[in-house]
Amino acid sequence: MEGLAPIDGWALAAIIAKAAGYAAALVAMGGPLFLAAFRSAPDDVLRLARKLAVIAALIGLAVLALRFGIRAARISGMGPSGAIEAMMLSFVWDSPLGTAAIWRGAGALLIVAVLIEGTIGIVASLLGALLIAMSYAFVGHSLGDPRWILAVLVVTHLLAAAFWVGALAPLHRSAANKDGAALLHRFGIIASGTVAVLVVVGVSFAWLMIGSFSGLFGTAYGWTLIVKICVVTGLLGLAAKNKLQLVPALAANKDDAGGRLRRSIRMEVVAVALILLATATLTSITTPPVNL
Amino acid sequence: MKQIILALVATLAIAPAALAHSKAETTTPANESTVEKVEVIELRFDDPMRVTAITLTGPDGDVEIMRETGLDPVTEFRAMPSAIMPAGVYSVDWRGLSADGHPMQGTFSFTVAD
């Protein structure tokens, strides 16, 4: 298939590590966004959002270090020993991933400030979320043309995705609370706006990468994107069912509405994991059709 | 869900055909060509590439090559075989880091005939 790089064990390891990095970044960014949007949520829900954001930020740093090792091993051609080869690591550090690592590292440290209650903690951690989102504008396909438009699109896409992904665990907790329906209902209202933004900027970015229908159906990038869009469509279906059926059922105290909603949110998590794997595949081993 | 996983696995399993993040590079000797002697091994890229590893393998195993190009990113990479290459099939395997930070790799082969 056109535009597909060689795939070996290292490439697969790189894809899985990148997807894990995406997940960590989205949960870390999503924590402060959730706290800012739902400051009056129950204490246990807010505590969970804070805890997860910090854990995800720290895991994100570990994954970043792992990705440096994987990349050094790949370019060294030496196998596992290349992962700790100083010269190869210095080449990775000098590459766009090094620049991204500085922004992502600074962002992750600022996310830890989410543990400070009050405005300072929120503002610092929101800044951290912005830095992490911006770090993705310094690497890979975002470096194409038109550079600034791609950068704005990718940062917006990531923040909108983080608002959703970072809210999943707190919402899962809320669905078990007696009076959680109000929070879930409010999330549904805000998300209907942010998800629309997420989709519009995602489609715009994809169009700038593809440029034609033949690019969509004739290339590895196009087919991987189609897989991603299929899973995203399924996720949107789940989200619509939650908003239109399960949350109103929870509000009406219907039998097992909370349990069904929690199951549905867990399925959303599985769909998100698949989307992140498809995205990591897209950004690791395929060439955007406009570059072919 | 199973179909989605199958589709993902299928996408990953399809045999690689082209290089990601760079238009197909041209080489000297050309891929699958037959030559009488090899004075230089060249790789040409559209965008600067930092070639981090390169090996030349022939009928008698690895052949030592001297890099003329250093480790800086280049659009034209050159290396010389350090000895006369006997007849046989040779392959060049290289790794590199592209300008946008993607790890790259490629391979090409050629035949040296008497």
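The preceding data block contains the structure.
Residues numbered from 1 in each chain as written. Chains lettered and ligands numbered in written order. Predicted model: local features only at pLDDT ≥ 70, side-chain atom pairs only at ≥ 80, totals over all residues. Heavy atoms only, no water.

## Some remarks on the overall build of chain A
Along the backbone of chain A there are ten helices and zero strands. Going residue by residue from the N terminus, the α and β elements of chain A occur as α-α-α-α-α-α-α-α-α-α. Against the globule reference of 19 Å for 292 residues, chain A gives a C-alpha radius of gyration of 20 Å, in line with a compact fold. The C-alpha extent of chain A, read off along each of the three principal axes, is 60 × 45 × 35 Å. By residue count, 54% of the 292 residues in chain A fall in the buried class. (Helix = DSSP H or I, 4+ residues; strand = E, 2+ residues; numbered from the N terminus. Rg over C-alpha atoms; globule rule 2.2 N^0.38 Å. Buried < 20%, exposed > 50% of the residue type's maximum accessible area, 1.4 Å probe, protein only.)

## Description of the packing of aromatic side chains
Geometrically, a pair of aromatic rings is defined through the distance of the ring centres and the angle of the planes. Going through the model one piece at a time under the given rule, you end up with twelve aromatic pairs over all chains. Plain terms: the ring middles of phenylalanine 38 of chain A and phenylalanine 163 of chain A are 6.3 Å apart, the flat faces sit at 15 degrees to each other, and that makes the pair stacked. Within this pair, whereas phenylalanine 38 of chain A is found in the loop between α1 (9–37) and α2 (43–76), its partner phenylalanine 163 of chain A is found in helix α6 (residues 147–174), the two being separated by 125 residues in sequence. Each member of the pair, phenylalanine 38 of chain A as well as phenylalanine 163 of chain A, is classed as buried. Ring geometry for tyrosine 90 of chain B and phenylalanine 110 of chain B: centres 5.8 Å apart, planes at 10 degrees, overall stacked. One end of the pair, tyrosine 90 of chain B, is in strand β7 (residues 88–98); the other, phenylalanine 110 of chain B, is in strand β8 (residues 103–112), and 20 residues separate them in sequence. Across this residue pair, the class does not change: tyrosine 90 of chain B and phenylalanine 110 of chain B are buried. (Phe/Tyr/Trp six-rings, centres within 6.5 Å; stacked < 30°, edge-to-face > 60°.)

## What about α1 of chain A?
In this model α1 of chain A runs 42 Å from its N-terminal to its C-terminal C-alpha over 29 residues, within 8% of the 42 Å that 1.5 Å per residue would give. Where α1 of chain A bends most, the angle comes to about 25 degrees, and this point is glycine 30 of chain A, followed within four residues by the proline proline 32 of chain A. (Expected span 1.5 Å × (residues − 1). Bend = angle between axes of the 7 residues up to and from the residue.)

## Some thoughts on helix α3 (residues 86–94) of chain A
Residues and elements named next belong to chain A. Residues of α3 that are buried: Met88, Phe91 and Val92. With its buried residues spanning 100 degrees around the axis, α3 presents them on a single face. Along α3, the residues that are exposed and aim more than 90 degrees away from the buried face are Ala86 and Asp94. (Arc of directions from axis to C-beta.)

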